[in-house]
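Analysis of the macromolecular model
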Amino acid sequence: MVAVAILAAGRGTRMKSQLPKVLHSFGGRSLIQRVLDSLSTIQPSRTLIIVGYGQEALRQSLADYPNLEFVEQTQQLGTGHAVQQLLPHLEGFEGTLLVLNGDVPLLRPTTLQHLLTTQQESGSAAAILTAQMPNPQGYGRVFCDGNNVVTQIVEDRDCTAAQRQNRRINAGVYCFRWPDLAEVLPQLQSNNDQQEYYLTDTMTMLKPVVSIDVDDPQEIMGINDRQQLAMGYRILQNRLKEHWMKAGVTLVDPDSITIDEDVQLEPDVVIEPQTHLRGRTTVKSGSHIGPGTLLDNSQIGEQVTVLYSVISDSVVKDGSRIGPYAHLRGHAEIGEQCRIGNFVEIKKATLGDRTNAAHLSYLGDATLGQGVNIGAGTVTANYDGVKKHATVIGDRSKTGSNSVLVAPVTLGENVTVAAGSTVTDDVPDDSLVIARARQVVKPGWQLSPSEPADA
Ligand code: UD1
Ligand code: CA
């Protein structure tokens with residue numbers, strides 16, 4: 001039986017933020033969500049989260065995770081004190097307790113699995129993850145005897161100059177035989193620089209404790225300040241980009257591209273520079289995205305091109321061309337082989353196949369059929385100041401330049417709207433609608449000579 005505890009009660013003072021540290025976002029998920037996700041293969045029987053600072057926000061943000069138990073630590077007196085709070089909750093529990101800091105978001109599930117297996121197979125009281133860090137500053141230093149048995153962990157600030165030379169650091173990830181830990185937890189003292197109860201002090205009380213060096217020290221990076229947040233993000237990005245390039249995606253200038261964790265890409269997708277893929281975005285084979293594009297929670301079909309555009313919560317089907325400078329948002333759905341671009345905004349609108357809106361338009365709350373052509377400057381006037389109204393345009397209809405369609409309004413199939421029209425009433429199939437003042441020409445007309453020239 002494995003129970004997991006995640007320490008997340010601290011404010012994260014070094015972040016200098018109102019937001020609890022573990023809720024800072026990191027590639028589309030919060031730090032703590034990433035820690036929870038790293039437990040995917042372990043499937044613990046219980047997951048306890050130690051909360052304190054900002055706990056309401058924390059509970060809310062994790063509402064979608066089933067079976068979490070929140071344990072309150074009212075005062076944050078250290079990591080040892082945090083784990084002490086579990087004592088009443090785990091009374092009689094005979095299994096293994098995996099403890100993770102909530103600010104270690106880059107752990108691989110296989111590493112945690114390895115830690116668990118090592119602890120269980122070696123019969124040790126505890127096993128901890130360690131790493132040889134090129135720059136160990138800020139981390140607790142781990143001291144071992146000749147057999148890799150941990151003798152002591154000393155926090156950076158409590159180290160002597162000589163101890164500080166040790167580059168083996170504590171990752172803040174531990175696997176304990178719970179009954180052994182439960183016995184020593186009440187004995188912790190706070191006689192250190194921070195006057196805190198350190199979980200790491202249990203290492204000298206438990207015997208034996210084995211340390212496991214991870215191969216990739218980047219994995220156990222803890223996030224304490226904004227600089228580490230940025231460094232960690234870069235590591236995550238490099239991992240994701242490596243994954244997608246191996247899977248057959250071309251990233252032109254990877255350093256200028258960002259990709260969230262939940263994005264899905266097919267082989268032969270090309271991502272151009274300055275492009276950002278966020279949320280649950282998917283892009284299918286052969287599509288060419290960017291340069292200069294933001295896709296957020298959107299589904300892009302095959303052989304689509306998107307150039308200098310922003311697309312959120314929307315769908316673009318196969319073979320369509322978007323941009324330059326298009327903005328699709330709020331459930332825009334673009335059919336196959338459409339052309340949308342050059343300063344066109346589309347909101348909550350469905351466009352049938354082969355429909356074009358190629359220049360300077362706004363289409364909102366609209367349903368367009370197939371083969372429709374929207375002339376330059378066409379606008380759906382969907383808002384009367386109080387409510388939004390719908391516009392419907394049938395198959396093969398065309399709007400002339402600068403048409404205003406005042407919703408609610410329905411244009412049938414094969415309708416032609418004359419340029420400059422303001423259409424306020426429905427138009428039946430196969431009609432031409434002209435809704436503008438007729439041009440008046442007065443031949444031979446001159447200013448009257450009596451009028452002053454500069455009037
Ligand atoms: C801790 C370790 C250090 C290790 C490092 C790895 C201790 C004493 N030190 O240091 O050896 O190298 O992690 O990243 O454990 N927390 C609580 N309640 C508290 C205090 C902290 O829940 O009273 C939580 C924090 O929210 C955080 C985690 O515990 O998620 C770690 O706390 P933090 O203050 O960041 O510890 P470090 O100084 O990084
Ligand atoms: Ca930390």
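Residues numbered from 1 in each chain as written. Chains lettered and ligands numbered in written order. Predicted model: local features only at pLDDT ≥ 70, side-chain atom pairs only at ≥ 80, totals over all residues. Heavy atoms only, no water.

1. Considerations on the overall build of the chain
- For the chain, the helix and strand inventory stands at six helices and 39 strands.
- In terms of overall size, the chain is more extended than a compact globule, its C-alpha atoms giving a radius of gyration of 31 Å where 455 residues would be expected to give roughly 23 Å.
- If one aligns the C-alpha atoms of the chain with their principal axes, the spans along those axes are about 105 × 50 × 45 Å.
- Scored against the burial criterion, the 455 residues of the chain give a buried share of 49%.
- Residue pairs in contact within the chain that sit at least 24 positions apart in sequence constitute 40% of those at least 6 positions apart.
- Within the structure as shown, the chain displays about 21600 Å² of accessible surface, and the carbon and sulfur contribution to it stands at 48%.
- Charged side chains in the chain number 38 positive and 50 negative. The centres of these two groups are separated by 4 Å. (Helix = DSSP H or I, 4+ residues; strand = E, 2+ residues; numbered from the N terminus. Rg over C-alpha atoms; globule rule 2.2 N^0.38 Å. Buried < 20%, exposed > 50% of the residue type's maximum accessible area, 1.4 Å probe, protein only. Contact = heavy atoms within 4.5 Å. Areas by Shrake-Rupley, 256 points an atom, 1.4 Å probe, with all protein chains shown as cover. Lys, Arg positive; Asp, Glu negative; His and termini not counted. Charge placed at Lys NZ, Arg CZ, Asp CG, Glu CD.)

2. A look at the sheet that holds strand β29 (residues 356–357)
- If you trace the eleven strands from one edge of the open sheet to the other, you get β12-β15-β18-β21-β24-β27-β29-β31-β34-β37-β39, paired in parallel fashion. This sheet does not close on itself; its edge strands, each paired only once, are β12 (250–251) and β39 (432–433).
- One ladder, built from two bridges, connects strand β18 (residues 288–289) with strand β21 (residues 305–306); its direction is parallel. Following the sheet pairing, isoleucine 289 is matched in β21 by valine 306. (Pairing = 2+ DSSP bridges.)

3. A word on the coordination of the calcium ion (ligand 2)
- Coordination of the calcium ion (ligand 2) by the protein comes from Asp103 (OD) and Asn224 (OD1), over a distance range of 2.4 Å. Placement of the pair is aspartate 103 in the loop between β6 (96–101) and α4 (109–122) and asparagine 224 in the loop between β11 (209–213) and α6 (226–246), with a sequence separation of 121 residues. For the pair aspartate 103 and asparagine 224, one class covers both residues: buried. (Donors = N, O, S within 2.8 Å, 3.2 Å for Na, K, Ca; no water.)

4. Digging into the pairing of strand β7 (residues 126–132)
- Extensive coverage of β7 is indicated by the burial of six of its seven residues.
- For β7 and strand β10 (residues 168–177), the ladder comprises six bridges, and the chain directions are antiparallel. Bridged to alanine 127 within β10 is cysteine 175.
- Of the pairings in the sheet, the one linking β7 to β11 comprises five bridges and is parallel in character. Considered in β11, the bridge of alanine 126 is made with valine 209.

5. Let's talk about the domain arrangement of the chain
- Domain parsing of the chain yields domain 1 (2–220) and domain 2 (249–433).
- Placing a centre on the C-alpha atoms of domain 1 and another on those of domain 2 gives a separation of 48 Å. (Domains from an automatic or database assignment.)

6. Focus on the site of ligand 1
- Around ligand 1 there are 25 residues in total, and Leu7, Gln73, Thr79, Glu155 and Asn170 lie nearest to it.
- Interatomic distance of 2.8 Å between a backbone N/O atom of leucine 7 and an oxygen atom of ligand 1.
- Protein contacts shield 91% of the accessible area of ligand 1, which totals 760 Å² for the unbound molecule.
- Its atoms largely coinciding with the cavity grid, ligand 1 occupies the largest pocket.
- For the shell around ligand 1, the secondary structure elements donating two or more residues are β1 (2–8), α3 (79–84) and β10.
- Here the element with the most residues in the shell around ligand 1 is β10; it accounts for four residues.
- The class makeup of the residues in the shell around ligand 1 is nine nonpolar, twelve polar and four charged. (Near = heavy atom within 4 Å. Polar contact = N/O pair within 3.5 Å; in protein donor to acceptor, adjacent residues only side chain to side chain. 1 Å grid on protein atoms, 1.4 Å probe; cavity = no way out; pocket = protein on both sides within 12 Å on 5 of 7 lines; lining within 4 Å. Sits in = over half its atoms within 2 Å of the grid points. Nonpolar A, V, L, I, M, F, W, Y, C, P; charged D, E, K, R; others polar.)

7. A closer look at the packing of aromatic side chains
- Under the counting rule described, the total for this entry stands at four aromatic pairs.
- Measuring from ring centre to ring centre gives 6.4 Å for phenylalanine 26 and tyrosine 233, while their planes differ by 75°; the resulting arrangement is edge-to-face. Remark: tyrosine 233 occurs in helix α6 and phenylalanine 26 occurs in strand β2 (residues 25–26); sequence separation between them is 207 residues.
- Measuring from centroid to centroid gives 5.8 Å for tyrosine 308 and tyrosine 325, while their planes differ by 20°, and the two rings are stacked. Separated by 17 residues along the polypeptide, tyrosine 308 in the loop between β21 and β22 (310–312) and tyrosine 325 in the loop between β24 (321–322) and β25 (326–329) bring together distant segments of the chain.
- What makes tyrosine 308 partly exposed here is its relative accessible area of 38%.
- Members of the aromatic cluster, joined through ring pairs, are Tyr308, Tyr325 and Phe343.
- Stacked on the ring of tyrosine 383, the Lys or Arg lysine 388 has its end atom at 5.3 Å from the ring centre. (Phe/Tyr/Trp six-rings, centres within 6.5 Å; stacked < 30°, edge-to-face > 60°. Lys NZ or Arg CZ within 6 Å of the ring centre and 35° of its normal.)

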